[in-house]
Amino acid sequence: MRREAMEFRAGEARLAADRWPGRDPTIVLLHSGVTDRRSWCGSADLLAEAGTAVAYDRRGYGRGHWRWR
């Protein structure tokens with residue numbers, strides 16, 4: 001399955017994500033506190049057969065940006 005990179009911005013916050021296009025439903029994959037979205041790559045390929053898989057980096061992990069004030 002082909003993976004698409006995505007990025008979402010709101011103010012100073014930025015979330016990086018990968019999307020494996022498929023059909024409905026959309027399956028959102030949340031990584032643990034010691035990894036990033038890449039931990040889902042192998043599983044997302046399989047899950048994309050059942051729907052669209054989306055894995056994102058929580059703020060402060062991987063390419064997810066967080067600025068403390």
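Once a new chain begins, its residue numbering starts again from 1 and follows that chain's sequence as written. The model is predicted, so local features are restricted to residues of pLDDT at least 70 and side-chain atom pairs to those at 80 or more, both for listing and for counting; the totals for chains, interfaces and linings are taken over all residues. Side-chain measures here rest on the full set of heavy atoms in the structure, leaving out hydrogens and waters.

A.B. asks: Explain the environment of G33 here, please?
C.D. replies: Take G33: it is sitting in the loop between β3 (26–30) and α1 (41–47). Any residue under 20% of the maximum accessible area for its type is buried, any over 50% is exposed, and the rest in between are partly exposed; the area is computed with a 1.4 Å probe on protein chains only. We classify G33 as partly exposed; its relative accessible area is 39%. With 25 residues separating them along the chain, G33 and R58 place their C-alpha atoms 8.7 Å apart. Strands here are runs of E lasting at least two residues and helices are runs of H or I lasting at least four, both read from the DSSP assignment and numbered beginning at the N terminus.

A.B. asks: Would you mind showing me how to read the confidence of the model for the chain here?
C.D. replies: Any segment with low pLDDT has predicted coordinates that should not be analysed in fine detail. Taken residue by residue, the chain gives an average pLDDT of 81. The fraction at 70 or more is 84%. On a scale of 0 to 100, pLDDT captures the predictor's confidence in every residue. When mean pLDDT is compared element by element in the chain, strand β4 (residues 52–56) scores highest at 90, while strand β1 (residues 4–10) scores lowest at 84.

A.B. asks: Just to check I follow, could you spell out the sheet that holds β3 for this structure?
C.D. replies: Whenever strands of a sheet pair, they do so through backbone hydrogen bonds, lying parallel or antiparallel. Ordered in space as β1-β2-β4-β3, the four strands form an open sheet in which the pairing is mixed. In the strand order of this sheet, the two ends are held by β1 and β3, each with one partner. Pairs of neighbouring strands in the sheet enclose a mean axial angle of 25 degrees, with direction left out of account. Strands are treated as partners if at least two bridges between them are detected by DSSP. Pairing of β1 with strand β2 (residues 13–20), which is carried by seven bridges, proceeds in the antiparallel orientation. Note that in β2 the partner of E4 across the bridge is R19. Angles shown run from 0 to 180 degrees and are taken between the N-to-C directions of axes, each axis being a line fitted to C-alpha atoms and, for helices, limited to the stretch in contact.

A.B. asks: Mind showing me how you'd approach unusual backbone geometry here?
C.D. replies: Excluding glycine, a negative phi dihedral is what most residues carry, and trans is how most peptide bonds are arranged. Between D24 and P25 the backbone carries a cis peptide bond, its omega angle lying at 5 degrees. Of note, P25 is situated in the loop between β2 and β3.

A.B. asks: Please explain the pairing of β3 as it appears in this structure.
C.D. replies: Within a regular beta strand, the side chains point alternately toward one face of the sheet and then the other, so they alternate between its two faces. Relative to β4, β3 is paired through five bridges, and the arrangement is parallel. Note that in β4 the partner of I27 across the bridge is A53. A clockwise path from the first strand over the helix to the second, with the strands pointing away from the viewer, defines a right-handed crossover. For the segment spanning β3, α1 and β4, crossover handedness is right-handed.

A.B. asks: Is there a simple way to think about the pairing of β4 in this case?
C.D. replies: The element β4 is extensively covered by neighbouring structure, given that four of its five residues are classed as buried. When β2 meets β4, the two strands line up antiparallel, connected through four bridges. In the strand pairing of β4, R19 is matched with V54.

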